[in-house]
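Observations on chain architecture
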Amino acid sequence: MNGVSCSQNTNVPSSQENYKRIIRWIGWLVITVAALVILSWVFDIEAGKRLLPAFQSMKFNTALCFLICGLILQRISMPVRAAGQDPVVAFLAVFILLISGMTLLEYGIGWQLGIDELVVEDPETPPEEWPGRMSAATALCFSVIGAGWLATVLTARYAALALQALALLVILFSGSALIGYAFGVHKFKLVVFSTMALHTSLLLVLCGACMLFARPDESLMRSAASSYIGGRTLRRLMPFIIVTPVLTGWLSMQGVMAEYYSTAFGFALSSLASILVLGFVGWRGADALNREEERFRTTIDSSPVATVMIDDSGTIQMANRLAHSLFRYPAGQLLGQSVEQLVPDRARQGHVGYRNDYQRNPEQRMMGAGRDLFALRLDGTEFPAEIALNPVQTAGGRHVLAAIVDITERVEAKRKILRLNRIHKVLSGINTLIVRVESCEALYEEATRITVEEGDLPAALIVQQDKETGRCDILYAYATEERLQDRRLSNFEINTVRECLNNHRVVIRSDLAERCDSVDCEGLAGHGVRALGAFPLTAGDSAQGIALVLYRDEPFSFDEVEMKLLHEVAGDIAFAIDNLEKSRQLEYLTHFDSVTALPNRLLLADRLQQALFQADSQQGVLCILYVNIDRFKQINDSLGHAGGDDVLREVAKRIGYCIGKGDTISRWGGDEFIVLLPGQRAAEVSDIAKNIVGELHSVIVMKDGRELFVSCSMGIAEYPRSGKNMDAVINSARSAMATIKAQGGNDYQHFDPVSDDTRGDGLALETSLRHALRENQFQLHYQQQIEIASGQVVGLEALLRWQHPTEGMIAPDRFIPLAEKTGLIVPIGEWVLREACRQGAAGPGLKMAVNLSARQFHQKNLVGVIQQILKETGMQPANLELEITESALLYDVESAIETMTELAGLGLSISLDDFGTGYSSLSYLKRFPIDTLKIDKSFIAEVTTDSGSRVIVNTIIAMAHALELKVVAEGVETEEQLVLLYDRGCDQAQGYLFARPLPYDEAINAGRS
C-alpha cells in the first residue's frame, strides 16, 4: 500500500543503488571485452586469439556496438544520472541503431554496403562465408537495444515499458542461442535469428539484463524488484526457475543420446520437470502471499485505531478487534455487514452517494472534511468520528481501507476550550465594564448582556433576596429568547438562590432532567435549560443579597476549569457592586451629614450658589437663617457625644417642621445649621424664626427618659442687601447670630449692615499677624508707674504695639484677641518678655511689669522659658514683675498656685491684673503668692463720680493692705482721682495723668523730668 512503511521497504534507495552498481560492473565487463576485441582486430589478431579464443567470431562492428553499449551502461549507472533524458545516451543509441540497421539492411536486400570492413579488413572469415559481418540475430539484438535506450531518451509515455519489453526480447534471442550452446548446437539458422557466437550471446544477455535493471521501480520490473514479499520471493526463485528446466532438459537429452530411453520419454521427463518447477514456484508464491496476508491482518488487528476493509458493494470484508470493540459488536459479527449499518439513519442515504463517488475516484483522503461525522453503535448510541480512507488493490479486487477514530474526547475538549474562550471574553468584557460603569442598574444590564452574548448562554439573571422576608426579585434579566427573559422565577430557582445567598456559596444544578420533581422545574427544562448555577455577589451579612444566575442548555456543563473563571466573573461583578455602593456612600457622605442626614456644607454651598444665580437672573431675593444651639457644649458634656447627636437630630427635625418643601436645611458644622429660604425676604423669615423658637420650647425626651429643653440663637441675612456673594451673606447671618447669642440667645436677630462693625477681614488680619512677628513689626511702649506718696517713677509697664506697614499703628484690642484665639499670643508674648527684659536690664533699675496671657501662663515650660530669658538678657529677677489676669487663674487654681510659687521662687514679683472684674474667690486670694493688686481702670474712671465704685476701690485697698499687698491703680487721668487714691492710702498709680505709653528711651527721659 502506498505510504505504508515496513522493515522490508525502508532500504529501497539502497536497493536501487545495488542495481546501479550491478549495471556499472557489467558495463565495465562489456567495455573490457569489446575493447580487447577491437584492439586485436586493429593491432594483432594472433595475440587476440591467444587472449580470447575464437574472438574472430566477434566482428569489429559487433565489438564496437558492445563498446558503445558498455558506455551507455556506465552513463546510466552514475549516481546523479537517470535512465532517460540524456543526450549522450541518445547519441550512442542512434549510433548503435545506425550500425545494426545498416547491417540488417545488407541482409535484407542482399547488397554489400561496405559497412562490414569500414575500419579493418577481416582476413579470418572463410571465402565461402565472406563478407564477415555480425549475424542477423546479433544485428537484430543491437537494433532492439538501440531502440530501447532511444525510447527512454524521447520520454515517451510508456518509455519504461518499451525499454523493459525490448530488453526481454534481447534476452530471448541471445538466451536461446546461449541455451543452444549448452545443448551442443553451435550453428543454427532460423527465420528470426541465425548463428550467434557464444561470447556474443552471453554479452547480449548481460546487456538485456542491464536494460531491465535501469528502471527497477517501474513497469514490468516493479514487481520483480519490489521489496515486498512477491518481489523477494521471485528473486529468490529466479535461479531455480532458470537453471532447473535447462538442467532437466540437458539430462533428458543425455539419456536419449545414451539410449537409456526413447526420445518421447525424454520429452516426457522434460515436461514433468517443467510441471514440478511451475508447481514449486506456485506453492512458494502462495505461501508467500499467505504469510503476507497473515502479517497484514495481524498488523491491522493490532492497529491502535478501528479499521475495516470494504469491497465495492459496501460490504465489510475485514474488521480488526478495535473496530468490533468501538462499534460494540461481538467478535467477527462485523464481517459481511453493510457499512451503512454503522451510519445513523439520518445520514445513510447521503453516505451511499458518497461511497459511490469515492469508488469512481478512489484516493487517500479524510472522510467528512469540513462537516461533522457520526457513527452508530450496535446498541443505538452515536459518537462523533473521524474517518481516513485508503484505496487498496488486492487479489480479490479493489477495496477501501477505512480507519475510524472516536473523537468524542477531542470534540468535548474542543467544546470546553470554546466555552473557556467565551468565558474569557465574558471576563474581559466585565473587567472593561466595571471601569466605566457608573450605576448598579447599568452594571446589571451590561453584565447580563455580556454574559449571555459573549458566553453563548441562553439566559442570565441578577436576583435580589430580602434576607428578612426571603422574597426574591429579578433586578435584571437578559436572554436569547423572549420567553426566557419575561418569565417569573420558579420555586426551584428561588430555592437555589436562597441556598446560594443564605450559605454564601456557589450552587450548581448540573442536570435539571434528573433533579426536576416539580411542575415549575419541568417548565424550566421545557425552555431548553438543562443546568443552572447561582453565584453570590454580595457579602453574607448583607441585608439585601444579590446573586448572579446563569443558565446552560447542556447538562453537566459547569466543569472545574470553567467554574474558576465563572468565580472570577462573579467576583468582578461583586467587586463592581461593592465599589459602586462605596461610591454611592462616598457621594452621600460628600453631600450629606452622617449624623442628621441633612445636606452638608458642600451641598448647601452648591444649592445656595444656584439660588443666588436664580435670584440675580430674576432680580429676586433670598434669605438664610443661621441657627446655633445654645449651651451645646454643656449638653455634650452632660449627655456625651451620642446624646449630643440625638439632640442634633431632634433639633434638625423640628426646624424641618417649620420650613417649606422648596427650602433647604443643612448642618453647617458642630452645633450650627443654615436654612436656605429662596424667594423670601427678611421680614417673612421672621415668622419662620418665631416658629422655630416656639417648636424648640417643647421638651425633648431622650432615649434614657431624661427631659431636656433646648434653645437656639438665630441670625437672618437677606441677599443682596446683606451681602453680594455667598460668603458675605453667610458671614452676615453669622454675625447677627453672634449678636443675639451675646445677648443671651433663645431669639433671632436680623443683620444690620449699618450698625455691624466687622473690623475688617479677620483672615487677612491673622495672615498679617503671622508676618508681623517674623518681620519685626511689633514694638514695645512703656507706661510709667508712679509712687503716689513721693511722686517718683518706680516702674514701667510694657505695652505691645503693632506698626503695620500699610495700616499704620493697630490698636491692641484689635489684634490681641485674635492672637489669643489663634495661639500666636505664645510666641508674641515670649518676644515681649525677652524684649522688655533686654531693655530693662540696660536701664536704670526700674521695676519692669510685663503682662502674661492665659495661654502663656498655662504653658508647661513657662518657668523654664522665663528663667532662660533672664539668663540671656541679664535682667535681675527682682526688677521683673509679671502681671496675670484673674481669668487666667480660674482655669485650674491648684496648678496656677503651683506655677506662681515656682515663679516667685525665681525672685521676681507677681501682680494680679484687672482685679475686681473677675470671679475669683477671696479664699483663693490669700493662697496666691502675689505681691501686688492692680485695680481695673473701669473702677478708677468712676471713683470720683460713683459711690459704688468708690466703695469698691476703698475695699480693695483695705483688703490688699490687710494681706500685705501693694495696690496699683490703673487708668488715673485726673487730679481728683489721684487725691482720692492718696487719701485712701493707694501705693502706686499709672495713667494718662502722668504719661502716655512711650518708647523706652522717651519713657525713661520723661520719668527723669
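Quick caveat: nothing in here was measured; it's all calculated off a predicted structure.

Each helix and strand counted, the protein chain has 35 helices and 27 strands in total. Within the protein chain, counting contacts between residues at least 6 apart in sequence, those at least 24 apart form 63% of the total. Carbon and sulfur atoms make up 55% of the accessible area of the protein chain, which amounts to about 51700 Å² in all.

So, on to the side chain of D630. Structurally, D630 can be placed in the loop between β12 (622-629) and α21 (632-657). A distance of 2.6 Å separates polar atoms of two side chains, one belonging to D630 and the other to S713. Once residues lying within four places of it in the same chain are set aside, the contact partners of D630 are I635, S711, C712, S713, K741, G745 and N746.

Let's shift gears to the UniProt feature "transmembrane region" (unreviewed entry) in the protein chain. In the UniProt entry, the feature "transmembrane region" (unreviewed entry) is given for residues 25-43, 58-76, 88-114, 134-154, 161-184, 190-214 and 264-283. Along residues 25-43, the helical share is 95% and the strand share 0%, with 27 Å between the first and last C-alpha atoms. Between the C-alpha atoms that bound residues 161-184 there is a distance of 34 Å. The span itself is 92% helix and 0% strand.

This part takes up the packing of aromatic side chains. All told, the structure shown has 8 aromatic pairs when counted by the stated rule. With 5.3 Å between their ring centres and 35° between their planes, Y19 and F213 make a pair best called tilted. Of this pair, Y19 sits in helix α1 (residues 12-42) while F213 sits in helix α7 (residues 198-214), and the two are 194 residues apart along the sequence. What makes Y19 buried here is its relative accessible area of 12%. Taking the relative accessible area as the measure of exposure, F213 reaches 21% and is therefore partly exposed.

This part takes up the packing of helix α13 (residues 408-436) against helix α19 (residues 560-591). Remark: α13 packs on α19, axes separated minimally by 10 Å, with the N-to-C direction vectors making an angle of 10°. It follows that α13 is roughly parallel to α19 by the angle criterion. Contacts from R419, L420, I423, H424, V426, L427, I430, N431 and I434 in α13 reach V561, E562, L565, L566, E568, V569, D572, I573, F575 and A576 in α19. Residues that form the contact of α13 with α19 fall into these classes: 13 nonpolar, 2 polar and 4 charged.

What follows covers the side chain of D572. The topology assignment puts D572 in helix α19. Within the buried set, D572 has no salt-bridge partner at all; the shortest N-O distance to an opposite charge, 13 Å, is to R436. Residues within four places of D572 in sequence aside, it is in contact with L427, I430, N431 and I434.

Turn by turn, an α-helix covers 3.6 residues, leaving residues three or four places apart pointing in a common direction. With 29 residues, α13 should reach 42 Å at 1.5 Å per residue; the first-to-last C-alpha distance of 42 Å fits that figure. Turning to α13, its buried residues number three or more, namely R419, L420, I423, V426, L427, G429, I430, L433 and I434. For α13, the elements touching its buried residues are α14 (440-455), β11 (544-552) and α19.

On to the sheet that holds strand β8 (residues 472-479). One open sheet accounts for 5 strands, arranged β8-β7-β11-β10-β9; its pairing is antiparallel. Either end of the sheet is taken by a strand with one partner, and the two such strands are β8 and β9 (507-509). The mean inter-strand angle of the sheet, taken between neighbouring strand axes irrespective of direction, is 15°. Inspection of the sheet shows strand β7 (residues 459-466) paired to β8 by 7 bridges, in the antiparallel sense. Bridged to Q464 within β8 is D473. On the sheet, α14 packs against β7, β8 and β11 and is oriented at approximately 50° with respect to β8. This element, α19, spans β9, β10 (531-536) and β11 of the sheet and lies at about 145° to β11.

Take the sheet that holds strand β17 (residues 712-719) next. Read across the open sheet, the 5 strands follow the order β13-β14-β12-β17-β18; overall the sheet is mixed. On the outer flanks of this sheet lie β13 (664-669) and β18 (747-750), each paired with one strand and no other. Direction aside, the axes of adjacent strands within the sheet are offset by 20° on average. In the sheet, β12 pairs with strand β14 (residues 672-678) via 7 bridges, with the strands oriented antiparallel. When the sheet's bridge partners are listed, L625 is paired in β14 with V675. On the sheet, helix α23 (residues 726-742) packs against β12, β13, β14, β17 and β18 and is oriented at approximately 145° with respect to β17.

Bringing helix α28 (residues 862-873) into the picture now. With 12 residues, α28 extends 17 Å between its outermost C-alpha atoms, agreeing within 8% with the 16 Å of an ideal straight helix rising 1.5 Å per residue. Taken together, the buried positions of α28 are occupied by L862, V863, V865, I866, I869, L870 and T873. Each buried residue of α28 sits inside an arc of 165° when the element is viewed along its axis, so together they form one side. Directly after α28, the chain includes G874, whose backbone phi takes a positive value near 80°.

Cut-off values and rules
- Residues numbered from 1 in each chain as written.
- Predicted model: local features only at pLDDT ≥ 70, side-chain atom pairs only at ≥ 80, totals over all residues.
- Heavy atoms only, no water.
- Helix = DSSP H or I, 4+ residues; strand = E, 2+ residues; numbered from the N terminus.
- Contact = heavy atoms within 4.5 Å.
- Areas by Shrake-Rupley, 256 points an atom, 1.4 Å probe, with all protein chains shown as cover.
- Polar contact = N/O pair within 3.5 Å; in protein donor to acceptor, adjacent residues only side chain to side chain.
- UniProt positions renumbered as here; feature names shortened; annotations may be inferred.
- Phe/Tyr/Trp six-rings, centres within 6.5 Å; stacked < 30°, edge-to-face > 60°.
- Buried < 20%, exposed > 50% of the residue type's maximum accessible area, 1.4 Å probe, protein only.
- Axes fitted to C-alpha atoms, helices over the stretch in contact; angles between N-to-C directions.
- Parallel < 35°, antiparallel > 145°, perpendicular 65-115°, else oblique.
- Nonpolar A, V, L, I, M, F, W, Y, C, P; charged D, E, K, R; others polar.
- Lys, Arg positive; Asp, Glu negative; His and termini not counted.
- Salt bridge = Lys/Arg side-chain N within 4 Å of Asp/Glu carboxyl O.
- Expected span 1.5 Å × (residues − 1).
- Pairing = 2+ DSSP bridges.
- Arc of directions from axis to C-beta.

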